[in-house]
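Structural overview
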Amino acid sequence: MDPLLTGEQAVLGAVLLDPRQLGGLDWLEPRDFYRPGHQALFAALRKLRTEDHPALSTQGAVPVAWLTDTLAEAGQQVRGLTASYLHTLVAACPRPAHAPLYGRMVLEGSIHRTVAEHADRLLAVAREDAGQHEVHGTAAQADVLAGVLDDLATRWGTRPRAAAPRTPPLPAAGEPPAAAQTEDEQFLLSLLVHQNGAIGEVFDWLRPQDFAVPGHGQLYRCLGALHHRGEPIDPVTTLWEVQRRGLLAEGVLTEQQLGPVLRDGAAGSAEWLGEQLLRSSLTRAAAGAAQQIAAHADDRRLAPGQLISHALHALGPLEEVRARWRTATSPPAAQPRFAPDQESRVKAARARSPTQPSPRPGPEPSPSAPPLPGGVRLPAIRHHLRSSS
């Protein structure tokens, strides 16, 4: 027996037996049904209700016209529906009053199916973008999936919040890195070792988990540790840091991976190479999230609220990579002359600084007093008279 098929038949049978049950199923939509015939029947029932079919106001037995009109309306959308199948739907409903509960079963199956479909789309787009070295389609599809999860949470009546599953999901089965990708990672690491200051171009947004080869990621972690401590990076210091972390002894990093990086010099743009690695990391994170979400959707033991929470949690690592991708590819913002706090300190310092006193203005000669013969002005003569007296 198929529980989902039984639930769909039961809710349709309940409405056929009691048309008034449609009043408690306004939140259920035709697209929530899996079978096309069931979608057409529920859409027909809703249309007849909108048109105020006489059966909705009947208090006694449901008139036969309710069944025949429903069959005629649904038959315009799909073929193969017969009157005998309507009797099968009626027989599948044990209690018409339980129609809202049957509808919740249909909605729950629809949520699982919808999440699985969008997870499959995200996986397909991520793989396509990985082959074309693009990320825009993956980012757009991830936004679509997040929006669908929010909408489903609203329909189910729960809050869209991320929650980790009690049992950690199995790691996604990713494809092994291609030879070209391995060579690109090796080339970037060699450039960071041999080109002075190159790690500063990628240190803020490139992470060890962005490398497809785990050993390369651990080697990049060593370089990041040297840079963080302010120590120089060269083949000698790199080898010493690798030895201190025991990467060779534990088999995390092999000599075949480390040898070319320390031996072969490289020149180029670390920022450009780092962006290529981060692009690949974004599509891998999207594919991994899609596989985890699809696995949750296939688990029928999860209630819709749990499924949505686990799906949002699976999208978390992808959103973290997308945030670093925006940081790496965004143009640098124009820096103000002073930082906000620095500018306020400058203004305060200027306000506290003593100013030079301005000279006191002295008496100016009256513009109406013309000079006397010999170039002597009247104020000078008055001063001479007072001193002599």
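Residues numbered from 1 in each chain as written. Predicted model: local features only at pLDDT ≥ 70, side-chain atom pairs only at ≥ 80, totals over all residues. Heavy atoms only, no water.

Taken over all residues, the pLDDT of the chain has a mean of 87, while the share at 70 or more is 84%. The spread of mean pLDDT over the elements of the chain runs between helix α15 (residues 378-388), the lowest at 42, and helix α12 (residues 304-314), the highest at 97. pLDDT under 50 marks residues 364-389. Its contacts with residues more than four places away, or in other chains, come to six contacts. (pLDDT = per-residue confidence, 0-100. Helix = DSSP H or I, 4+ residues; strand = E, 2+ residues; numbered from the N terminus. Contact = heavy atoms within 4.5 Å.)

Counting through the fold element by element, threonine 6 comes out in helix α1 (residues 3-17). Residues threonine 6 and cysteine 93, 87 residues apart in the sequence, show an inter-C-alpha distance of 8.8 Å. At a separation of 2.9 Å, a polar atom in the side chain of threonine 6 contacts the main-chain carbonyl oxygen of aspartate 2. (Polar contact = N/O pair within 3.5 Å; in protein donor to acceptor, adjacent residues only side chain to side chain.)

Interhelical geometry of helix α5 (residues 99-132) versus helix α11 (residues 270-298) gives an angle of 160° and a closest axis separation of 8 Å. Compared by their axis directions, α5 and α11 come out roughly antiparallel. As for how α5 packs across α11, the hand of that crossing is left-handed. Counted together, His112, Val115, Ala116, Ala119, Asp120, Leu122, Leu123, Ala126, Arg127, Asp129 and Ala130 of α5 and Thr283, Ala286, Ala287, Ala290, Gln291, Ile293, Ala294, His296 and Ala297 of α11 form the full contact between these two elements. Across the contact of α5 with α11, the residue classes tally to 13 nonpolar, four polar and three charged. (Axes fitted to C-alpha atoms, helices over the stretch in contact; angles between N-to-C directions. Parallel < 35°, antiparallel > 145°, perpendicular 65-115°, else oblique. Left-handed = near helix turned anticlockwise from the far one by under 90°. Nonpolar A, V, L, I, M, F, W, Y, C, P; charged D, E, K, R; others polar.)

In this section: the side chain of aspartate 210. Here aspartate 210 shows up in the loop between α7 (179-194) and α8 (214-228). With a relative accessible area of 1%, aspartate 210 lands in the buried category. In contact with aspartate 210, other than residues within four places in its own chain, are Glu185, Trp205, Leu277, Leu278, Ser281, Arg284 and Arg324. (Buried < 20%, exposed > 50% of the residue type's maximum accessible area, 1.4 Å probe, protein only.)

With that settled, the discussion passes to the environment of arginine 113. By the secondary structure assignment, arginine 113 is in helix α5. You can call arginine 113 buried: its relative accessible area is 15%. On a C-alpha basis, the gap between arginine 113 and aspartate 298 in space is 8.4 Å, while along the polypeptide they are 185 residues apart. Those residues within four positions of arginine 113 in sequence are excluded, and the remaining contacts are Leu4, Arg31, Asp32, Phe33 and Tyr34.

Bringing the packing of helix α6 (residues 136-156) against α12 into the picture now. Interhelical geometry of α6 versus α12 gives an angle of 160° and a closest axis separation of 10 Å. Overall, the two elements α6 and α12 adopt an arrangement that is roughly antiparallel. α12 is crossed by α6, and the crossing has left-handed handedness. Note on element contacts: α12 touches α6 through Pro304, Gly305, Ile308, Ala311 and Leu312, opposite Leu149, Leu152, Ala153 and Trp156.

As a further point, take the pattern of salt bridges. Taken as a whole, this structure holds 14 salt bridges when the rule is applied. Of the charged contacts in the structure, one is a salt bridge between arginine 229 and glutamate 241, with a shortest N-O distance of 2.8 Å. With a gap of 12 residues between them, arginine 229 in the loop between α8 and α9 (235-245) and glutamate 241 in helix α9 connect regions that are remote in the sequence. Arginine 229 gets classed as partly exposed once you look at its relative accessible area, which sits at 36%. Among the residues examined, glutamate 241 registers a relative accessible area of 3% and is labelled buried. Residue aspartate 299 is joined to arginine 301 by a salt bridge in which the shortest nitrogen-to-oxygen separation is 2.9 Å. Among the charged side chains, a network of salt bridges with common partners joins Arg229, Glu231, Glu241, Arg244 and Arg245. (Salt bridge = Lys/Arg side-chain N within 4 Å of Asp/Glu carboxyl O.)

This paragraph deals with helix α4 (residues 83-91). Along α4, the residues that are buried comprise Tyr85, Leu86 and Leu89. Along the long axis of α4, the arc covered by the buried residues comes to 105°, so they all point the same way. Exposed side chains of α4 directed beyond 90 degrees from the buried face belong to His87 and Ala91. Each element contacted by the buried residues of α4 is listed here: α1, α2 (36-50) and α3 (64-75). (Arc of directions from axis to C-beta.)

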